[in-house]
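# Remarks on the overall topology
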Amino acid sequence: MSDEGSIARFAREFADNAAKAGKAAEMLRKIKDSDVDVGATPKHLVMRRDRVELFHYEPIAPRKVEVPVLVAYGLIGRYTMADLQPDRSLIRSLLAEGLDLWLVDWGSPGRAERWLTIDDYVDDYIHAAVERVCRETGHDKVTLLGICEGGVFTACYAALHPDKVQNLVLTITPIDFHADSDDPAVHHGFLNIWTRSLGAADVDNLIDAFGVLPGEFMSSVFSMMTPMRSLTKYNVDLIDVVDDEAKWMNFLRMEKWLADRPHHPGEAAKQWLKDLYQENQLAKGDFILSGRKVSLGAISAPTLNVFALDDHIIPPTCSKALGPLIGTEDYTEIPLPGGHVGLFVSSKSQGRLSKSIAEWLAARD
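Parameters at a glance
- Residues numbered from 1 in each chain as written.
- Predicted model: local features only at pLDDT ≥ 70, side-chain atom pairs only at ≥ 80, totals over all residues.
- Heavy atoms only, no water.
- Axes fitted to C-alpha atoms, helices over the stretch in contact; angles between N-to-C directions.
- Helix = DSSP H or I, 4+ residues; strand = E, 2+ residues; numbered from the N terminus.
- Parallel < 35°, antiparallel > 145°, perpendicular 65-115°, else oblique.
- Left-handed = near helix turned anticlockwise from the far one by under 90°.
- Contact = heavy atoms within 4.5 Å.
- Nonpolar A, V, L, I, M, F, W, Y, C, P; charged D, E, K, R; others polar.
- Phe/Tyr/Trp six-rings, centres within 6.5 Å; stacked < 30°, edge-to-face > 60°.
- Buried < 20%, exposed > 50% of the residue type's maximum accessible area, 1.4 Å probe, protein only.
- Lys NZ or Arg CZ within 6 Å of the ring centre and 35° of its normal.

A separate point is the packing of helix α6 (residues 200-210) against helix α10 (residues 266-278). Helix-helix packing is characterised by the crossing angle of the two axes and by the distance between the axes. Running from amino to carboxyl end, α6 crosses α10 at an angle of 165°, the nearest separation of the two axes being 10 Å. Relative to α10, the element α6 lies roughly antiparallel. Regarding α6 and α10, the two cross each other, and that crossing is right-handed. Together, Ala200, Val203, Asp204, Ile207 and Asp208 of α6 and Gly266, Ala269, Lys270, Leu273, Lys274 and Gln278 of α10 make up the contact between the two elements. The class makeup of the residues in the contact of α6 with α10 is 5 nonpolar, 2 polar and 4 charged.

Here the focus is the packing of aromatic side chains. Under the defined criterion, the tally for this structure stands at 7 aromatic pairs. Here the aromatic rings of tryptophan 106 and tyrosine 121 are separated by 5.1 Å at their centres, their planes lie at 85°, and the arrangement is edge-to-face. Of this pair, tryptophan 106 sits in the loop between β6 (101-105) and α3 (118-137) while tyrosine 121 sits in helix α3, placing them 15 residues apart in sequence. We note that tryptophan 106, like tyrosine 121, is buried. Their ring planes at 80° and their centres at 5.7 Å tell us that tryptophan 272 and tyrosine 277 sit as a pair that is edge-to-face. For tryptophan 272, a relative accessible area of 4% corresponds to the buried category. Residue tyrosine 277 is classed as buried on the basis of its relative accessible area, which comes to 3%. One aromatic cluster in this structure is built from Trp106, Tyr121, Tyr125 and Phe153. A cation sits over an aromatic face here: lysine 43 above phenylalanine 55, 5.2 Å from the ring centre. A cation over a ring is seen here: arginine 114 above tryptophan 115, with NZ or CZ 4.1 Å from the ring centre.

Here is the structure:
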């Protein structure tokens, strides 16, 4: 092709992209927050304790698994990642599999929650939610489904309160926070490395200055983990989907979830960063909650451990470490393709995660 032809093609592509960029800007100007619905699967409030709320999801299919399932996400993000939109929702997919789903929502912690600890979240809030679910359903035990940091909370609860847990399901959950040092994938574990590089005084100063681990700060940390993606998504990805309404809304829902990162309560954040990420106390058996050591060997409930093979935030080696430490003989691992968030929202993973969980629970109901 001649130089003149190349220049003409470049001019056409430039004009086309400029038009798409203008269209995207106009669409963004018109759209309202309420138009981008996340976490929309119907549910009703059952209990409120401080800022923490317990919800019960409305059934959408005949019940196939009787034991109620209590879902707990972490404090780092919002549970809406598991219910992003109807066709990309772990929550909706599990309901379609006939599960009885309940959810604990941590709300929006602020400076008033400065002194809340992981002890409070495990032994107070989760315990209160479990007791209420049991009372509402007539069951003596529940299945706990923990996601990411919420998986750490539920694993700790299962170790400290084995009499209340029928089954334990963990997804993308870190157990050995130092296992990434042996991970062959160089892009795995950036968060672990960064956190271990901080001095104890750095963590204390950050928390003491704000009273919380600021959500905006953690958003910037996660953006640095994938710098090129962060730089190009608004001037490449957004333009690419502007003519496809479904993809456009998919993009906006994901961005809404990413932007809605809550603050992490101060003292709980110190435990998370220092006791777990830096000192690896959970895997060592030295993590103490409410005056008791958390021994993963005390977990007696059947346990399903699901992790993502290309997870750059929680490397699979950090999750797989649970196997040799857990007390139950009924232990199952399911490695699935995808990344930390992609495991829940990717179109390729839809159905695989929910079906794996539902089939495993049905076999133990």
